[in-house]
Amino acid sequence: MVPGAELLTGGFRRIVVLLLSLVTAPTVLLLAIGILMLVFYDAQLNLVFGIMVVTMVLCLATGTVIALVFLRREAQMSQLQSDFVSKVSHELRTPLTSIRLFAETLQRDDVPSAELAACVNALASETGRLSERIERLLDWGRMEAGKREYRLVLSEVPAITTAALAAFDSVMMGRSAIVEVEIAEDLPLIQADRDAVVDALLNLLTNAEKYSGAKKQIFLEARADPKWVSITVGDKGLGIPHSEHKRIFQKFYRVDERLSRAVEGSGLGLAIVKHIADAHGGKVELDSHPGHGSRFTLLFPVPKASPGTTASVP
């Protein structure tokens, strides 16, 4: 099942209930009016009749507006899910096609040793890319179902950022990007699931690389104040309009579909980042303007107690 399909089914069920209400409520009111006219046919009935007609009209208008709102929202969700399936199919097809071509090359008897080694390396790379795509989908499914567990233990921020940068280097696979790192000294420990936070930072770093333009200038900063420890990933690229700042954290949503077709991505990365931040009792903030780059900041509360815990956040 496509992630969120159960929400879509529930939405249509609510719409059916609303539409039935639009028929039932006026029917009951008209029946009441008929009974009153038969029993109390006098001058006072005009006032009662007028009040009930107005009530019926208001009920119809309100129900119609609510039904239209639900229909519009569910139509948008359906479109987002359709786009998601299309994007994921494209992302999975690309590495699979490469794997098939490299496998066919290896089956030939006349492959030079240098080309053979290149094919093996490429196969390993494409297999890793395919595995990463599938794991992201599975991880999001666990998050949606509330089955993603986070083991929160006291962790050092420099160790987390170092692991995220190492993972980013592996993902880059030879592509060039300048990452400026500035980690403040004496940062307090944070209660964190190290792997989850590394994954969140990796999502932000890869997004910065994708949308930072030709220069690929990225920066990673970590600071602290008495209340929060902040880790910021930024770029000097395209930037995001202010009207889109909240929507980009929605699942499957991407700002510019024309640009999305040229840039790989399923639209889940930032939704995963927000889910991870929420699971840690923190938040994610965005500072971005078109043409001036973007700054995504993960905020983690400075812990008051030290014992490790396990959290499962729906």
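Cut-offs used in this document
- Residues numbered from 1 in each chain as written.
- Predicted model: local features only at pLDDT ≥ 70, side-chain atom pairs only at ≥ 80, totals over all residues.
- Heavy atoms only, no water.
- Phe/Tyr/Trp six-rings, centres within 6.5 Å; stacked < 30°, edge-to-face > 60°.
- Helix = DSSP H or I, 4+ residues; strand = E, 2+ residues; numbered from the N terminus.
- Buried < 20%, exposed > 50% of the residue type's maximum accessible area, 1.4 Å probe, protein only.
- Pairing = 2+ DSSP bridges.
- Axes fitted to C-alpha atoms, helices over the stretch in contact; angles between N-to-C directions.
- Contact = heavy atoms within 4.5 Å.
- Salt bridge = Lys/Arg side-chain N within 4 Å of Asp/Glu carboxyl O.

Let's talk about the packing of aromatic side chains
Part 1 of the argument: All chains considered together, the criterion is met by one aromatic pair.
Part 2 of the argument: Seen from their ring centres, Phe-249 and Phe-296 are 6.2 Å apart, and the 80° between their planes marks the pair as edge-to-face. A residue pair is termed long-range when its members are at least 10 positions apart, and Phe-249 in the loop between strand E5 (228-235) and helix H6 (257-260) and Phe-296 in strand E7 (residues 294-301) qualify at 47 residues. Residues Phe-249 and Phe-296 agree in their burial class; the two are buried.

Focus: the sheet that holds strand E6 (residues 283-288)
Part 1 of the argument: An order of E2-E4-E5-E7-E6 is seen for the five strands of this open sheet, with the pairing classed as mixed. Looking along the sheet, the strands with just one partner apiece sit at the ends: strand E2 (178-183) and E6. The mean inter-strand angle of the sheet, taken between neighbouring strand axes irrespective of direction, is 15°.
Part 2 of the argument: The pairing of E2 with strand E4 (residues 217-224) spans six bridges and is parallel. Bridging across to E4, Ile-178 finds its partner in Gln-217.
Part 3 of the argument: Relative to E2, helix H4 (residues 157-172) is tilted by about 175°, and along the sheet it contacts E2, E4 and E5.
Part 4 of the argument: Most of the contacts of helix H5 (residues 194-211) go to E5, to which it runs at about 25°, and overall it touches E4, E5 and E7.

Some remarks on the pattern of salt bridges
Part 1 of the argument: With the rule as written, the count across this model stands at six salt bridges.
Part 2 of the argument: Salt-bridge contacts for Glu-182 lead to Arg-223; the nearest nitrogen and oxygen are separated by 2.9 Å. A residue pair is termed long-range when its members are at least 10 positions apart, and Glu-182 in strand E2 and Arg-223 in strand E4 qualify at 41 residues.
Part 3 of the argument: Here Arg-223 falls in the partly exposed class, since its relative accessible area comes to 37%.
Part 4 of the argument: Arg-295 is paired through a salt bridge with Glu-221; the nearest N and O atoms lie 3.4 Å apart. In this pair, Arg-295 sits in strand E7 while Glu-221 sits in strand E4, placing the two residues 74 residues apart along the sequence.
Part 5 of the argument: Using a relative accessible area of 29% as the deciding quantity, one classes Arg-295 as partly exposed.

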